[in-house]
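Here's the letter readout for the chains.
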Amino acid sequence: MNGYLGIDVGSVSTNLVVINSEGEVLEKIYLRTKGQPIDVVQRGLKELKQSLADDIEIKGVGTTGSGRNLTSVVVGADTVKNEITAHAVASSHIVPDVRTVLEIGGQDSKITILRNGIVVDFAMNTVCAAGTGSFLDQQAARLGIPIEDFGKMALKSKNKVRIAGRCSVFAESDMIHKQQMGHNLEDIIAGLCEALVRNYLNNVGQGKDILAPVVFQGGVAANEGIKEAFAEALETEIVVPEHHDVMGAIGAALLAKDKIVNDGEETSFKGWNVTEIEYTPSSFECEGCANLCEVIEIRMDGEIVSRWGHRCNKWDLAQ
Amino acid sequence: MKVTFPQMGSLNIPLETLLQGLNIEIVSPPPLTKRTLNLGVKYSPESACLPFKLVLGNFIEALELGAEAIIMAGGNGPCRFGHFGELANDILTDLGYEFELYILEPPVKSIVDIFVKLSPNFNWVQVIKSLRFAWKKLILIEEIKKYRLKHGVFLSKNQINKLEDEYLQLIREAKNKEELASIDHNYKKEIDEFTDGQQTSLLKVGLVGDIYTVSEPFANLNVSKRLNELGVAIDRAVFVSKWVKDNLICGALNISSNRKVIKAAKRYLQEGVGGLGLETVGETVLYGEQGYDGVIQLAPFGCMPEIVAKSLLTEVERDFGLPVLTLTLDEHASATGVQTRLEAFVDLLTQKKNLNKKTFLN
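Definitions and limits used
Residues numbered from 1 in each chain as written. Chains lettered and ligands numbered in written order. Predicted model: local features only at pLDDT ≥ 70, side-chain atom pairs only at ≥ 80, totals over all residues. Helix = DSSP H or I, 4+ residues; strand = E, 2+ residues; numbered from the N terminus. Rg over C-alpha atoms; globule rule 2.2 N^0.38 Å. Buried ≥ 20, exposed ≤ 12 C-beta atoms within 10 Å, placed from the backbone. Contact = placed C-beta atoms within 7 Å. Domains from an automatic or database assignment. Nonpolar A, V, L, I, M, F, W, Y, C, P; charged D, E, K, R; others polar. Pairing = 2+ DSSP bridges. Axes fitted to C-alpha atoms, helices over the stretch in contact; angles between N-to-C directions. Parallel < 35°, antiparallel > 145°, perpendicular 65-115°, else oblique. Left-handed = near helix turned anticlockwise from the far one by under 90°. Core = buried A, V, L, I, M, F, W, Y, C linked by C-beta atoms within 7 Å.

**Brief notes about the overall build of chain B**
Move 1: When its secondary structure is counted, chain B shows 15 helices and seven strands.
Move 2: Relative to the 2.2 N^0.38 estimate, which gives 21 Å for 362 residues, the radius of gyration of chain B is 21 Å and therefore close to what a compact globule would have.
Move 3: Once the C-alpha set of chain B is aligned to its principal axes, its extents read approximately 70 × 40 × 40 Å.
Move 4: Looking at the 362 residues of chain B, the share that counts as buried comes to 44%.
Move 5: For chain B, the proportion of contacts with a sequence separation of at least 24, taken over those separated by at least 6, is 74%.

**Observations regarding the overall build of chain A**
Move 1: A tally of regular secondary structure across chain A gives nine helices and 13 strands.
Move 2: Over its C-alpha trace chain A gives a radius of gyration of 21 Å, about what one expects of a compact globule, namely 20 Å for 319 residues.
Move 3: Each principal axis of the C-alpha atoms in chain A carries an extent, and together these give about 65 × 50 × 40 Å.
Move 4: For chain A, the residues scored as buried account for 46% of the 319 residues in total.
Move 5: Considering only contacts in chain A between residues 6 or more positions apart, those separated by 24 or more positions represent 63%.

**So, the domain arrangement of chain B**
How big an interface is tends to be expressed through the accessible area that disappears when the partners come together.
Residue and element names in this part refer to chain B.
Move 1: The assigned domain composition of chain B is domain 1 (3–120), domain 2 (136–151 + 155–198) and domain 3 (199–362).
Move 2: Tallying the contact residues gives 11 residues for domain 2 and 14 residues for domain 3.
Move 3: Broken down by secondary-structure element, the contributors of at least two residues to the side of domain 2 that touches domain 3 are α6 (124–151) and α7 (157–173).
Move 4: In terms of residue count, α6 provides more of the side of domain 2 that touches domain 3 than any other element does, six residues in total.
Move 5: Classifying every residue of the side of domain 2 that touches domain 3 gives five nonpolar, two polar and four charged.

**A word on the sheet that holds strand β7 (residues 109–115) of chain A**
Residues and elements named next belong to chain A.
Move 1: Read from one edge of the open sheet, five strands run β8-β7-β6-β9-β10, paired in mixed fashion. Pairing within the sheet leaves two strands with one partner each, and these edge strands are β8 (118–124) and β10 (238–239).
Move 2: As paired strands, strand β9 (residues 214–217) and β10 are joined by two bridges and run parallel to one another. From the neighbouring strand, V215 faces β10, where its bridge partner is V239.
Move 3: Sheet contacts for helix α3 (residues 83–94): β6 (100–104), β7, β8 and β9; angle to β7, the most-contacted strand, approximately 55°.

**Remarks on unusual backbone geometry**
Residue and element names in this part refer to chain A.
Move 1: Residue P213 follows A212 across a cis peptide bond; omega there is -5°.
Move 2: Checked against the element boundaries, P213 lands in the loop between α7 (185–203) and β9.
Move 3: Even without being glycine, E235 reaches a positive phi, approximately 50°.
Move 4: E235 gets classed as exposed once you count the C-beta atoms within 10 Å, which come to 7.
Move 5: Positive phi is not limited to glycine here, since D301 has a value of about 45°.
Move 6: With respect to the helices and strands, D301 occurs in the loop between β12 (294–300) and β13 (303–308).
Move 7: Given 10 C-beta atoms within 10 Å, D301 falls into the exposed group.

**Comments concerning the domain arrangement of chain A**
Residue and element names in this part refer to chain A.
Move 1: Once the domains are mapped, chain A shows domain 1 (2–89 + 248–275), domain 2 (96–240) and domain 3 (279–308).
Move 2: Tallying the contact residues gives seven residues for domain 1 and 15 residues for domain 2.
Move 3: Considering each element in turn, the side of domain 1 that touches domain 2 owes the most residues, three residues, to α3.

**Examining the pairing of strand β6 (residues 294–300) of chain B**
Residues and elements named next belong to chain B.
Move 1: For β6, the tally of buried residues reaches seven of seven residues, placing the bulk of the element in the interior.
Move 2: By the alternation rule, side chains of β6 split into G294, I296, L298 and P300 and V295, Q297 and A299, which are all buried.
Move 3: For strand β4 (residues 203–209) and β6, the ladder comprises five bridges, and the chain directions are parallel. Considered in β6, the bridge of V208 is made with Q297.
Move 4: Where β6 meets strand β7 (residues 324–329), six bridges bridge the pair, whose relative direction is parallel. Bridge assignment links V295 to a residue of β7, and that residue is V324.

**With respect to the packing of helix α5 (residues 147–155) of chain A against α7(A)**
All names here are of chain A.
Move 1: The interhelical angle for the contact between α5 and α7, taken along N-to-C directions, is 100°, at an axis separation of 8 Å. Regarding the angle of α5 to α7, the classification is roughly perpendicular. On α7, the residues touching F150, M153 and A154 of α5 are L185, E186, I189, A190 and C193.
Move 2: Across the contact of α5 with α7, the residue classes break down as seven nonpolar, no polar and one charged.

**Remarks on the packing of helix α13 (residues 277–289) of chain B against helix α14 (residues 304–320) of chain B**
All names here are of chain B.
Move 1: Between α13 and α14, the least distance of the axes is 8 Å, while the angle of their chain directions is 20°. By the angle between their axes, α13 is roughly parallel relative to α14. The way α13 lies across α14 gives a crossing that is right-handed. The segment α13 lies against α14, with G277, T280, V281, T284, V285 and G288 engaging P305, E306, V308, A309, L312, L313, V316 and F320.
Move 2: Of the residues in the contact of α13 with α14, the class split is nine nonpolar, four polar and one charged.

**Details of the nonpolar core**
Move 1: With 159 residues, the main nonpolar core has L192(A), C193(A), F216(A), I250(A), A253(A), V205(B) and V281(B) as its most contacted residues.
Move 2: Discounting residues that sit within four places of it in the chain, A253(A) has contacts with Y4(A), L5(A), G6(A), V17(A), I19(A) and G62(A).
Move 3: Of all hydrophobic cores here, the second largest spans 13 residues; its members include I141(B), I171(B), L180(B) and I183(B).

**Notes on the sheet that holds β6(B)**
Sheet strands associate in pairs through backbone hydrogen bonding, adopting either a parallel or an antiparallel arrangement.
All names here are of chain B.
Move 1: Across the sheet, four strands lie side by side as β5-β4-β6-β7; this open sheet has parallel pairing. Both outer strands of the open sheet, β5 (232–236) and β7, are each paired with one neighbouring strand and no more. Direction aside, the axes of adjacent strands within the sheet are offset by 25° on average.
Move 2: The strands touched by α13 within the sheet are β4, β6 and β7, with β4 carrying the most contacts at an inclination of about 165°.

Next comes the structure, spelled out in structure tokens:
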């Protein structure tokens, strides 16, 4: 059976999925990137190979996320696509008439507006990451609640407390203050969910025409409290897809499938044995001129296979 | 007295020509680097805008290289730019630098006085000669940039950088207008050779926004080259020569030269809001009327004029069905983030354009 591999290497998580020719998810893996994208991709591939049925042959590979270029060098990708497009592709595949995609990940949040299956507008948080997954993680840890239970607790609230959500540092002090005043935890958490949604809609969602159906995806979509707060603020039902946490990888796999099927090409996938090869990234500052470019290079078993970050062509690899 | 001035794009080249023509000794500001930014961020108020931080950092570097005086433009109106000179003066004095600061602002006589003072042998014939040659260089620099923006599509960033740096250096060294003419000719020929046989661009995008952020590639993380690389042909609305003509020359004569832009903006904004806010709106409308595929607005974080413009662009976007992407830039902006947004924007424009043909997965 044919399979298509999608890899989404983000700042916080790295996701791998394999889909079949119908675009159904056969296998998915969600890992923490921990600042070691190559390592984690290799680990993910190893796990994937073990759990995947033997008769599945990888016919195409797509990468996305902030580590998309690096990963494409390592695994040999057929398509390399930015995560905004990849996410939109995945959501319109799963909910074909979707008109709004809300997405909150580890360190970024974005909104994508689609009409008739076409992306017509998008926005992404720029200078602030208040209210993304990392902050929720941090707050859950501070309160000693597993992040998985965070949303469920919010749903128990009867009387939400208003939390200042503009800045995550101030949100934290406000929460501490509310705790000291004697509010119960459920109400504070529900208030935090509401504040994050308010902040998201005011910043990322500013000036956007949010129409139903609304899909909510990204790691934070697992949080029922946030989902509920969105439903309340937007006065519409919020759809959270089954594989909401790996939508970027699904989009990447779909794009790879599309390309391979349309162009009738062979995949550039280097095969499962890439997990055995040693890739070492390194960087140095070029002192050739005042630009002081930070050049990054990747070595495969000691040999340089890719290099980027330089302004001129001094460090281009000879073809 | 060794004089320095703010760097912005390739402005150092015509300014060197002008000042050297007046026999004023100069210290050309070094190219903007991470060090410039770090110095600027360190000594600026946190809420100052990116252009100020870069200019301040660059002044410090020039003072370290032995500059004894700084010349910069001033201004009035709601943009913080009018305040830059005084603010930089206070900060640099507090840091212990000894220098003289000359702020060029109307009336014209005060500007002339500054040059009379700085030039050891000031004479009008020389002034007009240098001014004309400097202006020719400025126009040529803008011309080669315009040509590359429009025709240099699918060229890699590195290719463009190398070619552009090489030709800018030639312009810098050029001694007469014949040399300039041949530079112009050769540059265009090289770009044409590079792009010959390449795919032609399908997308046309207009670039609007704050003049500093649009003109200085270090400030905008090389947006225009990234777009060229992605196969987009660009028209840039903002150039220094245009600004000088609209604001200094026509402003002094009290005639408005950018009437067309102001008229275009009229439905959305009737008054100047400082900086290029009004122009950003007007130029975007004009791009909409000319059938451009999209517009990118560049704004420094916290730039009031561009924030006003941005909220109005939402309406322009709707009225013309013209997608607008706003990139807000400051010292925290990351190249990866900018690249991702640009790629997604190009995908959006491509899909929109091919609405009737095959789209992603449909």
